[in-house]
Amino acid sequence: MNAALVRAGIVGCGMVAAEYAATLAAAEGVHVQLRACTDLDDARAQAFADRYGIPAVSVDHVMDPAALDMALILTPPSTHSALAQQAVAAGLRAVWIEKPFATDPDGATALLRLAQQAGTLIGVAPDTLLGPALQTAAAALEQSLVGDVLSATATLFSTGPERWHPAPEPFYSEHAGPLGDMGPYYLAALDYLLGPLHVRAATSRTRTARLVRSGPRAGSQFIARAPTYVAALLDTDRGIPVTLITSFDAVGSQTPHLEIHGTEGTLVLPDPNFHDGLVLHLAHGARNWDTIPPAPTTGPASRGMGVLDLADALRESREPRCSAYRAERIVYLIDAINRAATLHIPAPTRITTTR
């Protein structure tokens, strides 16, 4: 095998798979070469294969280390852990997993330990932290542009994926909803910028009846199994208070997605579901917001950046920047928020994970 080439296969040929394939194809030089794909829906797998000029194969082929080096697991969340364990047990060198890492803390820790024992590198979405927006914010904090950080807020107000997705039910399954589906983007961004988070309190409610608004089933109704509004009070190791709201019950909002307040200024960040966007800064005593010039990044700023970094991590014998350890923390954090919200009791103030 060419030492510079990482051979990859996709498991799950849904909407997000096309974004990954486009990013890998646009990368300069030969980083990751897409060699195969598979899906439970044979027709969908074949359509994807035809589009990208690769074979549609079985899951076992994608997990075969003689054929491939890396599996990209882009399937529904409930399948992530089992498929990743299969890939690790088969002997693949690396596995990339779409968020979430797992649907429960025990599953996340078990998978991470299995990978450690096997020597398999695991990278986990979101990889938006590698994009220009979060890199710009990280540099601003490193340069103390806002002084000492005093607080942060993270807010997602949305009508929910039924507005644009023709089959939105999985987004409302037991471990999804706005917290499980979109929360990882916000929590990973906060973890990356401010450090590990801990839960103080949370509340939730569910608007169970939902209406499909896109595709051939538009107008049909389904029932949400996950809370559709979750609010949590968090803090960091340094005692910085963080307020998080995730909701699929809002028509729209002008509330910033992420704000970080410090002694010398405030940062406003764009939607962490995307890789780019403007980062705004208001200095203490100033009247006008400034736009911070974007930090330089390499390669296309889109889903798949983390896969390219994972391939580099393989070649450089290092941990990927989209760390499975951070992803494990996010799984524990979401679980603690859900328990605090549903049981109305204080959540654990400290979350102990593998690292």
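Right, let's walk through the structure included here. Sequence order sets the numbering: in each chain, residues are counted from 1 along the sequence as written. Confidence filtering applies because this is a predicted model: local features only for residues at pLDDT of at least 70, side-chain atom pairs given and counted only at 80 or more, and all residues used for totals across whole chains, interfaces and linings. Side-chain measures here rest on the full set of heavy atoms in the structure, leaving out hydrogens and waters.

**Side note on the overall build of the protein chain**
Under the convention used in this document: Helix numbering and strand numbering both begin at the N terminus, where a helix is a DSSP run of H or I of at least 4 residues and a strand a DSSP run of E of at least 2. C-alpha atoms define the radius of gyration, and 2.2 Å times the number of residues to the power 0.38 defines the globule rule. Residue contacts are defined here by distance: any two heavy atoms, one from each residue, within 4.5 Å place the two residues in contact. Calculation of accessible area relied on Shrake-Rupley with a 1.4 Å probe; when residues are assessed, cover is drawn exclusively from the protein chains displayed. As used throughout, the charge tally considers Lys and Arg to be positive and Asp and Glu to be negative, leaving His and the chain termini uncounted. In this description, the location of a charge corresponds to atom NZ of lysine, CZ of arginine, CG of aspartate or CD of glutamate.
Looking only at helices and strands, the protein chain has ten helices and 15 strands in total. Scaling as 2.2 N^0.38, a compact globule of 355 residues should have a C-alpha radius of gyration of about 20 Å, and the protein chain matches this with 20 Å. Overall size of the protein chain, expressed as C-alpha extent along the three principal axes, is 60 × 45 × 35 Å. Considering only residue pairs separated by 6 or more positions, the protein chain has 71% of its internal contacts joining residues 24 or more positions apart. Here the protein chain has roughly 15500 Å² of accessible surface; of this, 53% comes from carbon and sulfur atoms. Side-chain charges in the protein chain split into 26 positive and 34 negative, and the spacing between the mean points of these groups amounts to 3 Å.

**Examining the nonpolar core**
Going by this rule: Put simply, buried Ala, Val, Leu, Ile, Met, Phe, Trp, Tyr and Cys residues joined by side-chain atoms within 4.5 Å make one nonpolar core. The cut-offs for exposure are 20% and 50% of the maximum accessible area for each residue type, with area from a 1.4 Å probe on protein chains only; residues under the lower value are buried, those over the upper are exposed, and the others partly exposed.
Ranked by size, the top nonpolar core spans 81 residues in total, and within it Leu 72 and Ile 337 carry the most contacts. Residues contacting Leu 72, with those up to four places away along its chain left out, are Ala 8, Gly 9, Ile 10, Val 11, Tyr 20, Leu 24, Trp 96 and Val 307. Listed in part, the 27 residues of the second largest apolar core include Ile 73, Leu 92, Ala 324 and Val 331.

**What to know about the pattern of salt bridges**
We count it as follows: A carboxyl oxygen of Asp or Glu within 4 Å of a side-chain nitrogen of Lys or Arg is what we treat as a salt bridge.
Summed over all chains, the structure comprises 17 salt bridges. Here Asp 191 makes a salt bridge to Arg 329, at a shortest N to O gap of 2.7 Å. Of this pair, Asp 191 sits in helix α8 (residues 183-194) while Arg 329 sits in helix α10 (residues 324-343); the two residues are 138 residues apart in sequence, bridging distant segments of the chain. The partner of Asp 249 in a salt bridge is Arg 207, with the nearest N and O atoms 3.3 Å apart. One end of the pair, Asp 249, is in the loop between β11 (241-247) and β12 (258-262); the other, Arg 207, is in the loop between β7 (197-205) and β8 (209-211), with 42 residues separating them in the sequence. Judged by its relative accessible area of 24%, Asp 249 falls in the partly exposed class.

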